Amino acid sequence: MNVQDNIRDKVVIITGASSGLGEATARLLAQRGARLVLAARRKERLDQLAAELRGAGAQVSVVAADVSRRADVDAIAAAALRDFGRIDVLVNNAGIMPLSPLDKLKVDEWERMIDVNIKGVLYGIAAVLPVMRESGRGHVINLSSVAGFKVFAPIGTVYSATKFAVRAISEGLRAEASAGIRSTIISPGAADSELKHNSSDADTSAGVKAFYEANQIPADAVARAIAYAIEQPDEVDINEIVIRPTVQEF
Ligand SMILES: NC(=O)c1ccc[n+]([C@@H]2O[C@H](COP(=O)([O-])OP(=O)(O)OC[C@H]3O[C@@H](n4cnc5c(N)ncnc54)[C@H](OP(=O)(O)O)[C@@H]3O)[C@@H](O)[C@H]2O)c1
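Just so we're clear, the structure is a prediction, and the values are computed from it rather than from any experiment.

Colleague: Looking at this model, I keep getting lost on the overall build of the chain. Mind explaining?
Modeller: Secondary structure summary: the chain contains seven helices and seven strands in total. Start at the N end of the chain and walk to the C end: the helices and strands fall as β-α-β-α-β-α-β-α-β-α-β-α-α-β. On C-alpha atoms alone, the chain measures out to a radius of gyration of 17 Å, which is about the 18 Å that the 2.2 N^0.38 rule sets for 250 residues. Projecting the C-alpha coordinates of the chain onto the three principal axes gives extents of approximately 50 × 40 × 35 Å. Taken across its 250 residues, the chain has 55% of its residues classed as buried.

The following block contains the structure:
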């Protein structure tokens, strides 16, 4: 089988498609013939991207959604079924990284990370799993991080906790899902996106931006890893991909 064909016509939901890795993934999968449902809060960004991709021949739907709200995430899955009649892949990509040391007690940001990075991923699984069970096939791709392998202390303790959780949830889904449903964890190191601008703590923010400028690889490097997982024959489940810049130490 030509793996190129295993992306064409698939209905792929991408959360967090308004920038960074999600946007790069949308562009690559559109080129490869996937039908896309793009979700994020900034609808104007999604509309702009969708118009560009449609201009190049892609079929694209757009949903304004906050993944920390279960009803919003259910609405993304409903839009995919309404517009395309099925869901083949969910790329649970939306995430935030407001870094700071625990001592700064940015408890609101800890809660927000848990809501978006963990609950958002779970709501995504809840929205698509019954559909995938019904059709007997499907693929959930969750974005963890190298910070899901190593606790990124002192500034990334809570962020790491959320990304460890994403790996646990993805592995649990893999173990629970029967034949036909695939579960992939993508764990990037520093990749160019808006994520490095998320920290409200000024001391942390300067260091994070310098780290990214010195290390980052383009977002489409991660998009290619996502495409690799999707394009495999249906019985092949790529469970885990770690993708770092060669110059990144951790
Ligand atoms: N870039 C890296 O170095 C790196 C490394 C490891 C892992 N990751 C992971 O990769 C994923 C994508 O991040 P990125 O690097 O592409 O960052 P990004 O450019 O900041 O993109 C994050 C995306 O998530 C969306 N988002 C944030 N909060 C949301 C919410 N409550 N509801 C819906 N969408 C929300 C944003 O859209 P709106 O603001 O429009 O909602 C945006 O589209 C994240 O899970 C991140 O943790 C990134």
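Colleague: When you look at the site of the ligand in this model, what are you seeing that I'm missing?
Modeller: L21, R41, R42, Y159 and S193 are the nearest of the 31 residues found near the ligand. Here an oxygen atom of the ligand and a backbone polar atom of E194 are 2.9 Å apart. A total of 880 Å² of accessible area belongs to the ligand in isolation, and the protein chains cover 97% of it. Structurally, the ligand is housed in the largest pocket. For the shell around the ligand, the secondary structure elements donating two or more residues are α1 (20–31), α4 (107–135) and α5 (157–176). The class makeup of the residues in the shell around the ligand is 15 nonpolar, 10 polar and six charged.

Colleague: What am I meant to see in empty space enclosed by the protein here?
Modeller: A water-sized probe rolled over the atoms picks out the places where empty space is left. One pass over the full model with this rule turns up two cavities of 30 Å³ or more. In this structure, the largest cavity spans a volume of roughly 70 Å³. As for the largest cavity, its lining consists of K10, D88, R137, G138, H139, G180, R182 and D234. Looking at the lining of the largest cavity residue by residue, the classes come out as no nonpolar, three polar and five charged.

Colleague: Help me understand the sheet that holds strand β2 (residues 35–40), please; the structure alone is not making it clear to me.
Modeller: The strands making up a sheet are joined through hydrogen bonds of the backbone, oriented either antiparallel or parallel. Judged by pairing direction, the sheet is parallel, and its seven strands sit side by side in the order β3-β2-β1-β4-β5-β6-β7 without closing on themselves. Two strands close off the open sheet at either side, each with one partner strand: β3 (60–64) and β7 (240–243). Direction aside, the axes of adjacent strands within the sheet are offset by 15 degrees on average. The pairing of strand β1 (residues 11–15) with β2 spans five bridges and is parallel. Note on β2: the bridge partner recorded for T15 is A39. Its contacts with the sheet place helix α2 (residues 43–55) against β2 and β3, and it is angled at close to 180 degrees to β3. Contacts from α4 reach β1, β4 (89–92), β5 (138–143) and β6 (181–188), with the element oriented near 175 degrees to β4.

About the criteria used
- Residues numbered from 1 in each chain as written.
- Predicted model: local features only at pLDDT ≥ 70, side-chain atom pairs only at ≥ 80, totals over all residues.
- Heavy atoms only, no water.
- Helix = DSSP H or I, 4+ residues; strand = E, 2+ residues; numbered from the N terminus.
- Rg over C-alpha atoms; globule rule 2.2 N^0.38 Å.
- Buried < 20%, exposed > 50% of the residue type's maximum accessible area, 1.4 Å probe, protein only.
- Near = heavy atom within 4 Å.
- Polar contact = N/O pair within 3.5 Å; in protein donor to acceptor, adjacent residues only side chain to side chain.
- Areas by Shrake-Rupley, 256 points an atom, 1.4 Å probe, with all protein chains shown as cover.
- 1 Å grid on protein atoms, 1.4 Å probe; cavity = no way out; pocket = protein on both sides within 12 Å on 5 of 7 lines; lining within 4 Å.
- Sits in = over half its atoms within 2 Å of the grid points.
- Nonpolar A, V, L, I, M, F, W, Y, C, P; charged D, E, K, R; others polar.
- Points joined across faces, edges and corners; volume = space filled by probe spheres on them.
- Pairing = 2+ DSSP bridges.
- Axes fitted to C-alpha atoms, helices over the stretch in contact; angles between N-to-C directions.
- Contact = heavy atoms within 4.5 Å.

The values reported here are purely geometric and, on their own, carry no functional implication.
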